[in-house]
Amino acid sequence: MANHKSALKRIRSNEAKRLRNRYQHKTTRTFVKRLKESSDKAEAQELLKKVVGMIDKLAKNNIIHKNNAANQKSKLTKLVASL
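The structure contained in this document is the topic of the report that follows. The structure displayed is predicted, hence computed values, not measured ones. (Residues numbered from 1 in each chain as written. Predicted model: local features only at pLDDT ≥ 70, side-chain atom pairs only at ≥ 80, totals over all residues. Heavy atoms only, no water.)

Details of helix 3 (residues 66–81)
Across its 16 residues, helix 3 extends 22 Å between first and last C-alpha, which sits within 8% of the 22 Å expected from 1.5 Å per residue. Among the residues of helix 3, those classed as buried are Ala69, Leu76 and Val80. Buried residues of helix 3, seen end-on, are gathered within an arc of 40 degrees and therefore sit on one face of the element. Opposite the buried face of helix 3, at more than 90 degrees from it, the exposed residues are Lys75, Lys78 and Ala81. Buried positions along helix 3 lie against helix 1 (5–37) and helix 2 (41–60). (Helix = DSSP H or I, 4+ residues; strand = E, 2+ residues; numbered from the N terminus. Expected span 1.5 Å × (residues − 1). Buried < 20%, exposed > 50% of the residue type's maximum accessible area, 1.4 Å probe, protein only. Arc of directions from axis to C-beta. Contact = heavy atoms within 4.5 Å.)

What follows is the structure, given as structure tokens:
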């Protein structure tokens, strides 16, 4: 267990960040799943805009790697274009 005040604070802040990152990542995955299941092109295009923004935010905050984000966006864009 940590002894210093600053170490205790670091533990608390790390836990808060971990929960926030986990929530954002899980929410994004849910929207990606919803996008993959959609069959209406207009709806999928609107959802794609939202999902791309969410993926960009995850990459910006280093929750996922930037190349992973680029690959996901590319695959989802192809998927929507093929509808």
